Amino acid sequence: MGGGTVNNNSLNVDYYGSPKDLSKRQFKNSGVSSYVISPVDNLDKFSNTYANCTGVIVAGINKNTGENISFMSHQDPGYFLISDEAKEKFKTDLVERLREMKEKCKPGTLDAIILGENYFKGVHRSGANASLAEDYITSIKLLSSEINNVLNFEPTVMTGPKRTPREDDVFYDNNNRRVYIQRPTVGNSTTDSYQPK
């Protein structure tokens, strides 16, 4: 992955994992094909097959230990945008992790990024015709708003959305605070980072 390597000490933020097992290991989730948010810790993290999903990585320096800590998420807008109840559950869990990071980290050391998603015509999980482009924009706005509300700064979107139905694999090197994204095909317009505003 462009220099990032998955090792035995890496935490798998497994979107496809068993919800019961994820909950036992302190991952926040709301069942199969919903979202998964890792615990806050000092481990490297990875998550595979971001297709229509978005992800968030937040990192900072622990004010007690001086080490880098982080969390990673992997969520499907087709889940959390489909109902107010699902949206509120996801937002509650995300905000809890954001507040935990803000409380544990030295002021001025926090960074936050958003990644993933597709941007083309598709079929919504509900079966209704929907534009993944609309889901993408709505998802980025929601994530950015929640991050900004808690951390008081706007996150960076690491890459533009994919325009073909492909999947991203992501590895986060916690100690060096570097993100590696593997994308099967790359277009110039989809590799630039940008601010959600």
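These figures come from a predicted structure and were not determined experimentally.

### Regarding the overall build of the chain
Okay, so step 1: Looking only at helices and strands, one finds 4 helices and 12 strands in the chain.
Okay, so step 2: Across the 197 residues that make up the chain, the buried fraction comes to 50%.
Okay, so step 3: Nonlocal contacts in the chain, meaning residues at least 24 apart in sequence, comprise 72% of its contacts between residues at least 6 apart.
Okay, so step 4: Surface accessibility of the chain: about 9,500 Å² in total, with carbon and sulfur atoms responsible for 45%.

### Quick notes on the sheet that holds strand 5 (residues 54-61)
Strand pairing in a sheet relies on backbone hydrogen bonds, with the paired strands running either antiparallel or parallel.
Okay, so step 1: The strand order 2-3-6-5-7-10 describes an open sheet built from 6 strands, whose pairing is mixed. Of all the strands in the sheet, just strand 2 (28-29) and strand 10 (156-157) have a single pairing partner and so form its edges.
Okay, so step 2: Pairing of strand 2 with strand 3 (residues 35-37), which is carried by 2 bridges, proceeds in the antiparallel orientation. The residue bridging N29 from the neighbouring strand is V36, located in strand 3.

### A word on the sheet that holds strand 4 (residues 45-50)
Okay, so step 1: Reading across the sheet, the 4 strands line up as 1-4-11-12 and stay open at both edges, with mixed pairing between neighbours. Each end of this open sheet is capped by a strand with a single partner; those strands are strand 1 (11-12) and strand 12 (178-182).
Okay, so step 2: Sheet topology note: the strand 1/strand 4 ladder contains 2 bridges and is parallel. Residue pairing in the sheet places L11 in a bridge with K45 of strand 4.

### Regarding the pairing of strand 11 (residues 168-173)
Okay, so step 1: Along strand 11, 6 of the 6 residues are buried, which leaves the element largely enclosed by surrounding structure.
Okay, so step 2: Alignment of strand 4 against strand 11, held across 4 bridges, turns out to be antiparallel. Note on strand 11: the bridge partner recorded for F46 is F171.

### With respect to the confidence of the model for the chain
Okay, so step 1: For the chain, mean pLDDT is 84; residues scoring 70 or higher make up 77% of the total.
Okay, so step 2: In the model, residues 1-5 has pLDDT below 50 throughout and makes 12 contacts with residues more than four positions away in sequence or in other chains.
Okay, so step 3: In this model, residues 124-129 is a region of pLDDT below 50 whose contacts with residues beyond four sequence positions or in other chains number 13 contacts.

### Observations regarding the pairing of strand 6 (residues 68-75)
Okay, so step 1: Along strand 6, 8 of the 8 residues are buried, which leaves the element largely enclosed by surrounding structure.
Okay, so step 2: The side-chain alternation of strand 6 yields two buried faces, one formed by N68, S70, M72 and H74 and the other by I69, F71, S73 and Q75.
Okay, so step 3: Pairing geometry for strand 3 and strand 6, over 3 bridges, is antiparallel. By the bridge assignment, V36 is partnered in strand 6 with H74.
Okay, so step 4: Where strand 5 and strand 6 come together, 8 bridges link them in antiparallel fashion.

### Some thoughts on the nonpolar core
Okay, so step 1: Ranked by size, the top nonpolar core spans 28 residues in total, and within it V58, F71, F90, L98, M101 and L151 carry the most contacts.
Okay, so step 2: Contributing elements (two or more residues each) for this core: strand 3, strand 5, strand 6, helix 2 (77-80), helix 3 (84-104), strand 7 (111-116) and helix 4 (132-151).
Okay, so step 3: Filtering out sequence-adjacent residues up to four positions away, M101 remains in contact with V40, V58, A59, G60, I69, S70, F71 and L110.
Okay, so step 4: Core analysis: the second largest hydrophobic core is formed by 15 residues, V13, Y15, A59 and I113 among them.

### A few points about the pattern of salt bridges
Okay, so step 1: The final tally for this structure, using the stated rule, is 9 salt bridges.
Okay, so step 2: Between D21 and R25 there is a salt bridge, with the nearest N and O atoms lying 3.2 Å from each other.
Okay, so step 3: Given a relative accessible area of 36%, D21 falls into the partly exposed group.
Okay, so step 4: For D93, the salt bridge is made with K89, and the minimal N-O distance between the two is 2.8 Å. Within this pair, D93 and its partner K89 are both found in helix 3, separated by 4 residues, close to a single helical turn.
Okay, so step 5: Connected through salt bridges with shared partners, the residues E88, K91 and E146 form a single ionic network.

Thresholds, definitions, all that
Residues numbered from 1 in each chain as written. Predicted model: local features only at pLDDT ≥ 70, side-chain atom pairs only at ≥ 80, totals over all residues. Heavy atoms only, no water. Helix = DSSP H or I, 4+ residues; strand = E, 2+ residues; numbered from the N terminus. Buried < 20%, exposed > 50% of the residue type's maximum accessible area, 1.4 Å probe, protein only. Contact = heavy atoms within 4.5 Å. Areas by Shrake-Rupley, 256 points an atom, 1.4 Å probe, with all protein chains shown as cover. Pairing = 2+ DSSP bridges. pLDDT = per-residue confidence, 0-100. Core = buried A, V, L, I, M, F, W, Y, C linked by side-chain atoms within 4.5 Å. Salt bridge = Lys/Arg side-chain N within 4 Å of Asp/Glu carboxyl O.

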